[in-house]
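Structural overview
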Amino acid sequence: MSDPSTALPSDPHRVTSAGGSTRVVIVGGGPGGYEAALAAARLGADTVLIEERGVGGAAVLTDVVPSKTLIATADVLDVVGTSQELGIRDADSGSAPGAGTLDVDLGAVNERVQRLAAAQSEDIRSSVRDAGVRILEGRGRLTGPSEVEVLDADGARTEKLGADVILLAVGARPRELESAPSDGERILSWTQLYALDRLPEHLIVVGSGVTGAEFASAYRALGSEVTLVSSREKVLPGTDVDAADVLEDAFARRGVHVRSRSRAASARREGDGVVVGLTSGEEIAGSHVLMALGGIPWTADLGLEEVGVRVKDSGHIDTDRVSRTSVRGIYAAGDCTGVYPLASVAAMQGRIAMHHALGEAVSPLISAQVSSAIFTSPEIAVVGVSEQDVKDGVVAGEVLTLALDTNPRAKMQGLTEGFVKLVVRPGSHTVLGAVVVSPRASELILPYTLAVAHRLTADQVAGTSTVYPSLTGSLAEVARRATITVAR
Ligand SMILES: Cc1cc2nc3c(=O)[nH]c(=O)nc-3n(C[C@H](O)[C@H](O)[C@H](O)COP(=O)(O)OP(=O)(O)OC[C@H]3O[C@@H](n4cnc5c(N)ncnc54)[C@H](O)[C@@H]3O)c2cc1C
Ligand SMILES: NC(=O)c1ccc[n+]([C@@H]2O[C@H](COP(=O)([O-])OP(=O)(O)OC[C@H]3O[C@@H](n4cnc5c(N)ncnc54)[C@H](O)[C@@H]3O)[C@@H](O)[C@H]2O)c1
């Protein structure tokens, strides 16, 4: 997909209601839906948001907010657990502090997680309502190209809404294996983890995508024994290979057992624990298993086929870069489109849809400018063109990497893991992409995201003042080296 950078005019053929303001109906109240609702209301549309489970969506209630809140606790323990070199000792034993000497009250952690998620959901509900959006509880379903019905929990229709513009932002749910049905106690999906009140003794995590890697990292830091069942050669398929290597080393150092090239075939309860069967016939015993096999879009019973909205084989709704579906007036955003399953992208797609539908000029989604982070220890953040794109000949680029252990601040903080990688265009040295692997990489990636979005050159990044000592010094330093090396 190529990404034009110029703004597109709004759809000149878009439908508007006769007379009054445009009627917008949004199905799904996650980031795709609620950000769209806020945008539509601000643009003067008569806006209704239909949500079945809770405003904020899975992002706020079960996915992003809960996982990152849990990880906040895990991060503290990870720092403490690697603080021996900094001279920190356990007061009683004098030994290195860590999982063995510190206790985690998982009940308290999860109580905090759930409180925060509920509060965040309520905050969003209030801002959406205050913006003038009507919020309806129930399940939305298309009954025509400009009509949506609302069903209650028993499937009875409570309302039928006419719409000039419809946005579908229904998200996705965890994929399950039939031979490993979750029971909410020991065989768990990621949405069920927060009901645990005691730390699993031995958590088996199946799936080494972003979700599996984040939970494996977090639960190990919290003190569980962790086995990660990875179907691939390396963890985090599709991520920068050097970053995946750093994470595998970090897992090894922290005692996460990675079972690479292993596929789970089943999971069952046995006694006080679980047994995960691999396709090889081998079995792994643990106290709990987390199935992290990716998501399935909630598109099956949405009336899409009847109305003619084109759906891919995967169940995702087919959209273009301004979030239009194949049916005029119907837009889609977020995980149900499968474009880039991130909360930040869902929100962007939702806003873009509303701006387009309501007559504002819009910039289409530019995937090459999307930054994302994996919240493991250390974190991995990426933006733009990857080294793999360069190797595959998709883009001409030069790649420079600088290990973080040369950075003075990293030395002071005792950081040994991580690096900064920059991809620049040969000749112009325009910054095309970057990877940062370090604590708080999710924060450190922003200067590179700005550089990619605004086509800054490595010289401009290198010439920007950085604080001494700071990890950002390495962001400028690798850019400096890029200009010298590439110029040669
Ligand atoms: C464990 C985990 C951690 C993640 N961490 C991050 C992260 O750190 N950063 C990041 O950017 N992304 C993260 N993601 C991805 C992020 O959660 C999703 O990309 C995001 O939730 C997508 O937003 P959405 O609006 O498309 O859907 P959702 O957040 O899934 O919301 C969709 C809503 O629609 C509702 N709905 C569904 N069908 C109907 C219907 N028929 N009628 C009414 N309502 C309906 C659902 O109840 C749901 O509330 C994470 C994902 C997981 C699984
Ligand atoms: N920090 C973040 O931004 C964040 C965090 C979590 C998820 N997400 C988003 O959610 C999306 C989905 O991530 P995910 O990790 O949930 O799903 P995924 O589809 O990326 O990964 C699932 C993994 O499970 C493996 N798998 C499938 N069946 C298996 C089996 N039987 N045995 C062993 N392994 C098996 C797959 O090969 C795959 O590698 C990501 O692309 C990401 O955008 C983002």
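Residue positions are given per chain, counting from 1 as you read along its sequence in written order. Written order decides the labels, with chains lettered from A and ligands numbered from 1. Per-residue local features of the predicted model are confined to residues with pLDDT of at least 70, and side-chain atom pairs are confined, for both listing and counting, to 80 or more; whole-chain, interface and lining totals are unaffected and use all residues. Side-chain measures here rest on the full set of heavy atoms in the structure, leaving out hydrogens and waters.

- The name recorded for the chain in an unreviewed UniProt entry is Dihydrolipoamide dehydrogenase, from Brachybacterium sacelli.
- Annotation of the chain in UniProt includes, under Sequence similarities (unreviewed entry), the sentence "Belongs to the class-I pyridine nucleotide-disulfide oxidoreductase family."
- Per UniProt, the chain carries the Cofactor (unreviewed entry) text "FAD". UniProt positions are given in the numbering used here, feature names are shortened, and annotations may be inferred rather than shown by experiment.

**Describing the site of ligand 2**
- Think of it this way: one heavy atom of a residue within 4 Å of a molecule or strand is enough to make that residue near it. Taken together, 21 residues form the shell around ligand 2, and within it Thr 211, Glu 214, Ala 264, Pro 341 and Ala 373 come nearest.
- Contacts to ligand 2 include Val 210, whose backbone N or O atom sits 3.1 Å from an oxygen atom.
- Polar contacts, as used here, are pairs of N or O atoms within 3.5 Å; protein pairs need one atom able to donate a hydrogen and one able to accept it. Residues neighboring in sequence count only if both atoms are side-chain atoms. Ser 231 places a side-chain nitrogen or oxygen 3.1 Å from an oxygen atom of ligand 2.
- When ligand 2 is considered free in solution it has 840 Å² of accessible area, and contact with the protein chains removes 77% of it.
- Under the DSSP-based scheme used, a helix requires at least four consecutive residues in state H or I and a strand at least two consecutive residues in state E, with every element numbered from the N terminus. For the shell around ligand 2, the element with the most residues is helix H5 (residues 210-222), which contributes 3 residues.
- Here the nonpolar group is Ala, Val, Leu, Ile, Met, Phe, Trp, Tyr, Cys and Pro; Asp, Glu, Lys and Arg are the charged ones; every other residue, Gly included, is treated as polar. Classifying every residue of the shell around ligand 2 gives 10 nonpolar, 6 polar and 5 charged.
- Counting only domains with at least three residues in the shell around ligand 2, you end up with domain 1 (1-173 + 294-366) and domain 2 (187-293). Surface exposure here means Shrake-Rupley accessible area, sampled with a 1.4 Å probe, where a residue is shielded only by the protein chains that are shown. Domain borders in the structure are assigned automatically or taken from a domain database.

**Some words on the sheet that holds strand S9 (residues 187-188)**
- Read across the sheet, 5 strands follow the order S9-S16-S10-S11-S12 without closing on themselves; strand pairing throughout is parallel. Strands with a single pairing partner mark the edges of an open sheet, and in this sheet they are S9 and strand S12 (257-259).
- Only when DSSP finds a minimum of two bridges between them are two strands counted as paired. Relative to strand S16 (residues 288-291), S9 is paired through 2 bridges, and the arrangement is parallel. Within S16, the position partnered with Ile 187 by the bridge is Val 289.

**Here's the deal with H5**
- Here H5 contains 13 residues, and its C-alpha end-to-end distance of 18 Å stays within 8% of the 18 Å for a straight helix at 1.5 Å per residue.
- With 10 of 13 residues buried, H5 is to be regarded as a mostly interior element.
- When we look at burial in H5, the residues that qualify are Gly 212, Ala 213, Glu 214, Phe 215, Ala 216, Ser 217, Ala 218, Tyr 219, Ala 221 and Leu 222.
- In the stretch just after H5, Gly 223 is the one whose phi turns positive, near 120°. The length a helix should cover is 1.5 Å for every residue beyond the first. In this scheme, a residue with accessible area under 20% of its type's maximum is buried, one over 50% is exposed, and one in between is partly exposed, where area comes from a 1.4 Å probe on protein chains only.

**Let's talk about the packing of aromatic side chains**
- Note on ring pairs: Phe, Tyr and Trp rings are taken, using the six-membered ring of Trp, and paired if centres are within 6.5 Å. Classes follow the plane angle, with under 30 degrees stacked, over 60 edge-to-face and the rest tilted. Scanning the entire structure with this criterion turns up 0 aromatic pairs.
- Positioned above the aromatic ring of Trp 298 is the side chain of Arg 173, whose terminal nitrogen or guanidinium carbon lies 5.2 Å from the ring centre. Criterion for a charge above a ring: Lys NZ or Arg CZ within 6 Å of the ring centre, and within 35 degrees of the ring normal.

**Considering the site of ligand 1**
- Close to ligand 1 lie 37 residues; Gly 32, Glu 51, Arg 53, Gly 140 and Asp 335 are nearest.
- Within the contact set of ligand 1, a nitrogen atom lies 3.2 Å away from a backbone nitrogen or oxygen of Glu 52.
- Here a nitrogen atom of ligand 1 sits 2.8 Å away from a polar atom, N or O, in the main chain of Gly 140.
- Starting from 1,000 Å² of accessible surface for ligand 1 in isolation, the protein chains cover 92%.
- Only helix H1 (31-42), strand S2 (46-51), helix H2 (57-61), helix H3 (64-81), strand S4 (139-144), H5 and helix H8 (343-357) provide two or more residues apiece to the shell around ligand 1.
- For the shell around ligand 1, the two domains that each supply at least three residues are domain 1 (1-173 + 294-366) and domain 2 (187-293).

**Points about the domain arrangement of the chain**
- Domain boundaries in the chain define domain 1 (1-173 + 294-366), domain 2 (187-293) and domain 3 (378-487).
- Distance between the C-alpha centres of domain 1 and domain 3: 31 Å.
- Across the contact, 4 residues belong to domain 1 and 5 residues belong to domain 3.
- Across the interface of domain 1 and domain 3, roughly 280 Å² is buried in total on both sides, 36% from carbon and sulfur atoms.
- Should a side-chain nitrogen of Lys or Arg be within 4 Å of a carboxyl oxygen of Asp or Glu, the pair is scored as a salt bridge. The interface formed by domain 1 and domain 3 includes 1 salt bridge.
- The residue Asp 75 makes a salt bridge to Arg 440 at a minimum N-O spacing of 3.6 Å.
- For the interface between domain 1 and domain 3, the tally reads 0 residue pairs in polar contact (both at pLDDT 80 or more).
- Grouping the amino acids of the side of domain 1 that touches domain 3 by side-chain chemistry returns 1 nonpolar, 1 polar and 2 charged. When checking whether two residues touch, look at their non-hydrogen atoms; a contact exists if any pair is within 4.5 Å. What counts as buried area is the accessible surface, traced by a 1.4 Å probe, that two parts surrender upon association, with contributions from both included.

**Observations regarding the pairing of S16**
- A two-sided burial pattern is seen for S16, the buried positions comprising His 288 and Leu 290 on one face and Val 289 and Met 291 on the other.
- As judged from the 4 bridges shared by strand S10 (residues 202-206) and S16, these two strands associate in the parallel manner. Note on S16: the bridge partner recorded for Ile 204 is Val 289.

**Describing the pairing of strand S5 (residues 147-151)**
- Counting buried positions over the 5 residues of S5 gives 4, a clear majority of the element.
- Alignment of S4 against S5, held across 5 bridges, turns out to be antiparallel. Across the sheet, Gly 144 pairs through a bridge with Glu 147, a residue of S5.
- The antiparallel pairing of S4 with S5 creates a hairpin that spans 2 residues between the two strands.

**Quick word on the UniProt feature "domain: Pyridine nucleotide-disulphide oxidoreductase dimerisation" (unreviewed entry) in the chain**
- With numbering matched to this structure, UniProt assigns "domain: Pyridine nucleotide-disulphide oxidoreductase dimerisation" (unreviewed entry) to residues 370-477.
- The distance from the first to the last C-alpha atom of residues 370-477 is 23 Å, and the span holds 31% helix and 28% strand.

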